[in-house]
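Spelled out, the chains give:
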Amino acid sequence: MFDYSAEFEAITSAYEQSGGDASVFSDKESASLVVSGNKILASNSIPGIKIEDEETETGARARVIVEPGIQIASPVHLCFGVIPKEGLQEIFSEFEIGEGANVSFVAHCSFPNALRVRHLMEAKVNVGQGAKMTYSETHFHGQKGGTVVMPRTEVKVATGGLFCNQFRLVTGSVGRLDLDLTAELGEKAVCDLEAKVYGKREDKIRLKESIYLNGAWSRGLVKSRIVVSERAQSEVLGEVIGNGPHTRGHVDCLEIVQGNEAQAKAVPLLQVVDETAKLTHEAAVGSVDKKQVQTLMARGLTETEAVETVVRGLLR
Amino acid sequence: MLQIENIHLNFNGNPILNGINLQISKGEIHGILGANGTGKSTLAYVLMGLEGYRTTSGRIIFGNEDITSLPLSDRARRGITLAWQEPARFEGLTVTEYLSLSRTKGGGSLSPGVCLEQVGLSPSVYLNRLVDQALSGGERKRIELASVLAMRPKLAILDEPDSGIDALSLDQVMEVIRSLAKGGSSVVLITHHEQVALIADRASSLCAGMILKTASPEEVARFFRNHCRECPHINRPEEELIGNV
Ligand SMILES: Nc1ncnc2c1ncn2[C@@H]1O[C@H](COP(=O)(O)OP(=O)(O)OP(=O)(O)O)[C@@H](O)[C@H]1O
Ligand SMILES: [Mg+2]
């Protein structure tokens, strides 16, 4: 017999460790979904936001439908994770954001004890005309580096829509992270992607984020801040493709390598198809900026404290 | 307090500092005037002990201690600090955090809010802002000055604290520098503004990494005006001016 309440207790306490406030899951005014392993522990729809879900053998399926024009001040809370040392969690999700709606999602993914855990996520996102969606996902991992995290996200943003994505994985050691996100933008649509990752131990990190600026006047930003230490490796592929006229795109990638054994690679790709598109990029890979460190040292910090301060700021 | 004895520094075989001698006493504001590229910032970095700015010869005595071979953080711990000509920007670091990092040597720290007020920035507006690219040049310079204040340094090296500051606020910046000195800090004040140099107790004119003259700020400003303003040989001082200290 599966003990739902013990499991709920475990996942929400992991959620709190990663900085979340678990009381949101008993708040009937907020939409929320809690999935631990392949068990749906809580699911709450509210007027205007419907969550349809079902358990599968290896995880869950969820469909989140936000009605047109809905403006929700408090975010939709999502909590995923695997509590035991071993396990698999596959989440298939769909997000339908109706025309003119404005909604934000706060997702936490916790794997506090992982030794051999796989977390696969396949998401399809449709942001309707003039709608705004913000999705912020924070990961919480134990120190053993025993997780494979593979999010696959396909986003379509209709005319005048906005999609903002923030991905943070800075606590613990993940193991392997392979994130792939593709966004296709309609006319005057905007897409802002931001990823912050701290790789430790033997972590292997790969981020591939692509924005297709298809509609005229659409704009996209791919921003990443990665720090790799010990023997961690990172590879960041940021792409913007200017298919439509007057589109603007920017790739901003900063990777900090700490120590002799960590490695980082940045591959920004800009492709102009329409001649009025304007795409730019800045990529910096290397150690922490010397001037920043020396500035803090001139205020009395040791070099180690200064580097930590700079890194903490970057990953915030 | 600070004694600089015959310091030299070369970059790729090119002499940048050419035997600088200078003495600055406790609570003294010492102005440094000089055209672009004459070595003012380099002198500032050498005094602070930044990496890559080790003198080829000469000595720096601070208090009664020879600090010539002390690294940056040891000098900071002795109460020396530097406000950069173009201060660094930090992602994700708030003004409050930045100002709180300053370690005072002898207790009695100043709160971030008080330091901001002194440089003319409203704490309610700025305490929660980030010290990143979004700050204007002048705002960033003032925050740099505020962080020097927060440290209550024994020696403040200010590299053009007035550049990028609007004319109306210049008086305020000058007042801050005066208050630093009144609190017992010695100040090396690098500036291009004659008006600002005049708050110094003494001043020196720098050319080609040499000090051509040390005197009252009025005299040095006059000297600078007469000899350097339309100087056809910046960084190649006329023979008769060298050694005219
Ligand atoms: N790292 C370096 N490598 C080589 N040359 C340098 C280096 N730093 C400074 N210099 C040279 O040393 C000289 C003095 O530079 P410095 O920055 O000290 O001038 P400055 O007096 O502060 O000028 P400004 O008024 O423009 O700030 C210049 O000619 C400069 O090009
Ligand atoms: Mg300079």
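Structural notes, computed from the coordinates. A quick note: this is a predicted structure, and the numbers were derived from the prediction, not measured.

Let's talk about the packing of aromatic side chains
Link 1 in the chain: Within this structure, the stated rule accounts for seven aromatic pairs over all chains.
Link 2 in the chain: With centroids separated by 5.0 Å and ring planes inclined at 75°, the aromatic side chains of Tyr45(B) and Tyr53(B) adopt a geometry described as edge-to-face.
Link 3 in the chain: Three or more aromatic residues joined by ring pairs form one cluster here, namely Phe95(A), Phe105(A) and Tyr135(A).
Link 4 in the chain: Sitting above the plane of the Phe92(A) ring, Arg61(A) keeps its charged end 5.0 Å from the centroid.
Link 5 in the chain: Lying over the aromatic face of Tyr198(A), Lys200(A) brings its terminal NZ or CZ to 4.4 Å of the ring centre.

Description of helix H7 (residues 170-182) of chain B
Residue and element names in this part refer to chain B.
Link 1 in the chain: Taking 1.5 Å per residue, 13 residues should reach 18 Å; H7 reaches 18 Å between its end C-alpha atoms and fits that length.
Link 2 in the chain: All buried positions along H7 are accounted for by Leu170, Val173, Met174, Val176, Ile177, Leu180 and Ala181. Angular distribution of buried residues about the axis of H7 spans 155°; they occupy a single face of the element.
Link 3 in the chain: Turning to H7, the residues buried within the fold contact strand S3 (29-33), helix H4 (112-118), helix H6 (137-151), strand S7 (155-159), strand S8 (186-190) and helix H8 (194-197).
Link 4 in the chain: Phi turns positive one or two residues past the end of H7, at Gly184, with a value near 105°.

Quick notes on the coordination of the magnesium ion (ligand 2)
Residue and element names in this part refer to chain B.
Link 1 in the chain: Bound to the magnesium ion (ligand 2) on the protein side are Ser41 (OG) and Gln85 (OE1), at distances that span 2.0 to 2.1 Å. Residue Ser41 is located in helix H1 (residues 40-48), and its partner Gln85 is located in the loop between strand S6 (80-83) and helix H3 (95-101); the two are separated by 44 residues in the primary sequence.
Link 2 in the chain: With relative accessibility at 26%, the residue Gln85 sits in the partly exposed group.

What about the environment of Arg61(A)?
All names here are of chain A.
Link 1 in the chain: Looking at the element boundaries, Arg61 is found in strand S4 (residues 59-66).
Link 2 in the chain: Along the chain, Arg61 and Ile40 lie 21 residues apart, while their C-alpha atoms are 9.6 Å from each other.
Link 3 in the chain: With near-sequence residues (within four places) excluded, Arg61 lies in contact with Glu52, Asp53, Glu54, Thr56 and Phe92.

Rules and cut-offs
- Residues numbered from 1 in each chain as written.
- Chains lettered and ligands numbered in written order.
- Predicted model: local features only at pLDDT ≥ 70, side-chain atom pairs only at ≥ 80, totals over all residues.
- Heavy atoms only, no water.
- Phe/Tyr/Trp six-rings, centres within 6.5 Å; stacked < 30°, edge-to-face > 60°.
- Lys NZ or Arg CZ within 6 Å of the ring centre and 35° of its normal.
- Helix = DSSP H or I, 4+ residues; strand = E, 2+ residues; numbered from the N terminus.
- Expected span 1.5 Å × (residues − 1).
- Buried < 20%, exposed > 50% of the residue type's maximum accessible area, 1.4 Å probe, protein only.
- Arc of directions from axis to C-beta.
- Contact = heavy atoms within 4.5 Å.
- Donors = N, O, S within 2.8 Å, 3.2 Å for Na, K, Ca; no water.

Such coordinate-based values are descriptive only and should not be taken to indicate function.
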